[in-house]
Amino acid sequence: MAPWPELENAQSNSDKYIEGAADQQSTTPAKGKETGKNDTDTPVTKIELLPSYSTMALIEEPTAVEDPWNLPELQDMGIKWSERDTKGKILCVFQGIGKFILLLVFLYFFVCSLDVLSSAFQLVGGKVAGQFFSNNSIMSNPVAGLVIGVLVTVLVQSSSTSSSIVVSMVASSLLNVQAAVPIIMGANIGTSITNTIVALMQAGDRSEFRRAFAGATVHDFFNWLSVLVLLPLEAATHYLERLTNLVVETFNFKNGEDAPELLKVITDPFTKLIIQLDKKVINQIAMNDETAKNKSMIKIWCKTFTNVTERNVTVPSPDNCTSPSLCWTDGLHTWTIKNVTHQENIAKCQHIFVNFNLPDVVVGTILLVVSLLVLCSCLILIVKLLGSVLRGQVAVVIKKTINTDFPFPFAWVTGYLAILVGAGMTFIVQSSSVFTSAMTPLIGIGVISIERAYPLTLGANIGTTTTAILAALASPGSTLKSSLQIALCHFFFNISGILLWYPIPFTRLPIRLAKGLGSISAEYRWFAVFYLVIFFFLIPLAVFGLSLVGWPVLVGVGAPVIFVVFLVVVLRLLQSHCPRVLPHKLQNWNFLPPWMHSLKPWDKLISASTSCCRRLCCRTCCLLCGCPKCCRCSKCCEDLQEEQGVPVKSPEAFANMAVDKEAQDGVPKSKVDASGTKTISSITAL
């Protein structure tokens, strides 16, 4: 049956329907009436009964459910090009050029804010990350190495920094390649948090947030699933260590030139005016250098002069002399000649914090807040600009170019070409985080589909490893082999993951899992923050803490948890595909309390908590302001307005009833404002 009519269309007087029917019949005389004469020549009107009809839908047709993952139509709401005059066309061209320049400016500051954000994380947590690596007793545990890689990369917001620490430790024989491979896997997971944080900035619109968060977390799921399969395989067979060792031994690599820094040439002049770091401090802490723990990571002197001179120095005994010929005594002391290194500071660095004697944590916190504000602002402005530019034919061309496959039978080539494009773009910008973070708003507004973003992300994983390989080739001879072998481990790990989760469409599980998480996060937006905190902080910290206690404790706690998760996944699959195999009670999750199988109770709890906090803040605001009129957005002001009577839109039928009542009482209660909206008191509306 048809739904009830809206109140605004309700009619208080039934005569309107009779008049409407009479008017309808009078306007169709040819059909409804036929005029004739009888025997007495008296005109007689013959009435032909029309077939009965009803305006009620007897059978409600099922409405087509729109797929939330379909890309939205980016319609052009402006004036068409053909309808513009010459002045309008010139103005439109200049507007397009201006928007393109603004887009490049915002994109530049977006990339710079990512660089400053990484520096801020290193200032806040860099020394803690170095201390993670300094505990060599648990490095033999591959699971502990994995979570250390995740935590360090999350803290310093750079997989290249964590990889360079691992290279230094391997070159110094503090770590072997076998123990370094799980850390590289963890670094691959930790670097995917950046674009997930960027996706949170689009939480204002549910549809955009669904697509953006799914496009960001497809990277997470690819890394987690790859580790889930390849970490046990590596622990059992050491195939990555053996394969990379074979490659390094077969090819006689020599020291090459430095890796090309294409994007750094553009961004460094600006970011170095804000902050400059001495990243050697983290490496020194990781290698148990006690003197580095009290050093500041903020770089003060950029130009120094090192002078090596020979000086006469005293030694405890002749055994400490450099050589017997350079050793003598004067009766009281034993003297020798040694090379003494003297470092002289010449010029200070030119950045904001060079003359402030602030702790690293304070400077890092300031930069963290500022960089996040700039990042959010640039992202919002980029999304707005893209939304205004990508309309009409431009949007159609871009969407078709990016999301259309090659014609049959070469459709399968499209995904592999996208992988190459992602690898090339990442090689240009020198960072997978920058490329995937820049792609996230495009996924949100519907320019790039999730299915196309997946191979682009896989290509970004390949591109960041090629940059690491070039950087390894530029290493000195003492660290060339170890750094190159670790970079190749990273490369072959991503290649193995692509072979697992891309060639066969059925195995592209990251897409399905990311869409599921995107739908949940769009409905319960707090769940996105919950996912970030749990999977990137709490679980790695819990595993690291259990690893410190010992391997038996880790197995004793982790094995039951893994078994329960495995059991839930198997039950969920059976409930979806073969429910008849299960007992009637296990065919759904209703046998559990609601809080164990549904997010609605948690959503109510979180909503109530945030509502209480909001009311408390608003009451405090009203008390501080003294007058409710100065803070209209607060809840307490709304409560006051509701008590006094808020203007309420009334349907026409009820408005007429109110007017009749006023006419009887003689007291006007309804008013008409300037816009024509009738308002009545809240009691009359009820």
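What you see is a predicted model, and the numbers here were worked out from it, not measured in a lab.

The next subject is the overall build of the protein. Of regular secondary structure, the protein possesses 25 helices and eight strands. The 686 residues of the protein split such that 36% are buried. Counting only contacts in the protein whose residues sit at least 6 apart along the sequence, the fraction spanning at least 24 positions is 72%. If you sum the accessible surface of the protein, you get close to 40,800 Å²; carbon and sulfur atoms cover 64% of it.

On to the side chain of asparagine 195. Within the fold, asparagine 195 resides in helix H7 (residues 193-200). In this view, asparagine 195 contacts Ala216, His219, Thr436, Ser437 and Thr440; residues no more than four positions away in its chain are not counted.

Turning to the state of the cysteines, a few remarks are in order. Disulfides are covalent bonds that link the sulfur atoms of two cysteine residues. Evaluated as defined, the whole model comprises one disulfide. Bridging cysteine 302 to cysteine 349, the disulfide has an S-S length of 1.8 Å. With the S-S bond torsion at 115 degrees, the cross-link from cysteine 302 to cysteine 349 turns out right-handed. Within this pair, whereas cysteine 302 is found in strand S3 (residues 301-315), its partner cysteine 349 is found in the loop between strand S5 (334-348) and helix H12 (360-389), the two being separated by 47 residues in sequence.

Every α-helical turn comprises 3.6 residues, leaving residues that sit three or four positions apart pointing alike. The end-to-end C-alpha distance of helix H18 (residues 509-523), which contains 15 residues, comes to 22 Å, matching closely the 21 Å that a straight helix rising 1.5 Å per residue would cover. When we look at burial in H18, the residues that qualify are Pro510, Ile511, Ala514, Lys515, Leu517, Gly518, Ser521 and Ala522.

Tallying each qualifying case throughout the model produces 18 aromatic pairs. Aromatic side chains tyrosine 416 and tyrosine 502 sit 5.5 Å apart centroid to centroid with 90 degrees between the ring planes, which places their arrangement in the edge-to-face category. Remark: tyrosine 502 occurs in the loop between helix H17 (480-501) and H18 and tyrosine 416 occurs in helix H14 (residues 412-429); sequence separation between them is 86 residues. Classification of tyrosine 502 as buried rests on a relative accessible area of 4%. Ring centres 6.4 Å apart and planes at 80 degrees place the aromatic pair tryptophan 595 and tryptophan 602 in the edge-to-face group. Here the guanidinium or amino end of lysine 348 rests over the ring plane of tryptophan 301, the centre of that ring lying 5.7 Å away.

Looking at where glutamine 485 falls in the secondary structure, it is placed in helix H17. Here glutamate 241 takes part through its backbone oxygen, which lies 3.4 Å from a polar atom of the side chain of glutamine 485. Contacts of glutamine 485, omitting those with residues within four sequence positions, involve Val177, Glu241, Thr244, Asn245 and Val248.

For the rest of this paragraph, the subject is the confidence of the model for the protein. Of all residues in the protein, 73% attain a pLDDT of 70 or more, and the chain-wide mean is 75. Throughout residues 1-36 the model reports pLDDT below 50, and contacts reaching past four residues in sequence, or to other chains, amount to 29 contacts. Low pLDDT, under 50, characterises residues 630-635; the stretch is placed with 14 contacts to residues that sit more than four places away or in other chains.

Attention now goes to the nonpolar core. Counting residues in each nonpolar core, the largest one holds 114 residues, and the members touching the most others are Phe110, Leu123, Leu175, Met185, Ile275, Leu367 and Tyr454. Take this core: its biggest share by element is 12 residues, from helix H8 (residues 206-237). The contacts of isoleucine 275, once residues within four sequence positions are left out, are Ser119, Leu123, Ile298, His351, Phe353, Val363 and Leu367.

Now for helix H19 (residues 526-549). Taking 1.5 Å per residue, 24 residues should reach 34 Å; H19 reaches 33 Å between its end C-alpha atoms and fits that length. The largest bend in H19 amounts to roughly 40 degrees and is located at isoleucine 534. All of the buried residues in H19 are Phe527, Ala528, Tyr531, Leu532, Ile534, Phe536, Pro540, Val543, Phe544 and Ser547. Positive phi appears at glycine 550, one or two residues downstream of H19, with a value of about 150 degrees.

For the rest of this paragraph, the subject is unusual backbone geometry. Its identity is not glycine, yet histidine 238 carries a phi of approximately 55 degrees, on the positive side. Assessed through its relative accessible area of 19%, histidine 238 is described here as buried.

This paragraph deals with the packing of H7 against H19. Following both chains from N to C, one finds H7 and H19 inclined at 165 degrees, their axes separated by 11 Å at the closest point. Overall, the two elements H7 and H19 adopt an arrangement that is roughly antiparallel. Here H7 and H19 pass one another in a crossing that is left-handed. Along the contact surface, H7 presents Ile193, Thr196, Ile197 and Leu200, while H19 presents Ala528, Tyr531, Leu532, Phe536 and Phe537. Residue composition of the contact of H7 with H19, by class: eight nonpolar, one polar and no charged.

Calculation rules
- Residues numbered from 1 in each chain as written.
- Predicted model: local features only at pLDDT ≥ 70, side-chain atom pairs only at ≥ 80, totals over all residues.
- Heavy atoms only, no water.
- Helix = DSSP H or I, 4+ residues; strand = E, 2+ residues; numbered from the N terminus.
- Buried < 20%, exposed > 50% of the residue type's maximum accessible area, 1.4 Å probe, protein only.
- Contact = heavy atoms within 4.5 Å.
- Areas by Shrake-Rupley, 256 points an atom, 1.4 Å probe, with all protein chains shown as cover.
- Disulfide = S-S within 2.5 Å.
- Expected span 1.5 Å × (residues − 1).
- Phe/Tyr/Trp six-rings, centres within 6.5 Å; stacked < 30°, edge-to-face > 60°.
- Lys NZ or Arg CZ within 6 Å of the ring centre and 35° of its normal.
- Polar contact = N/O pair within 3.5 Å; in protein donor to acceptor, adjacent residues only side chain to side chain.
- pLDDT = per-residue confidence, 0-100.
- Core = buried A, V, L, I, M, F, W, Y, C linked by side-chain atoms within 4.5 Å.
- Bend = angle between axes of the 7 residues up to and from the residue.
- Axes fitted to C-alpha atoms, helices over the stretch in contact; angles between N-to-C directions.
- Parallel < 35°, antiparallel > 145°, perpendicular 65-115°, else oblique.
- Left-handed = near helix turned anticlockwise from the far one by under 90°.
- Nonpolar A, V, L, I, M, F, W, Y, C, P; charged D, E, K, R; others polar.

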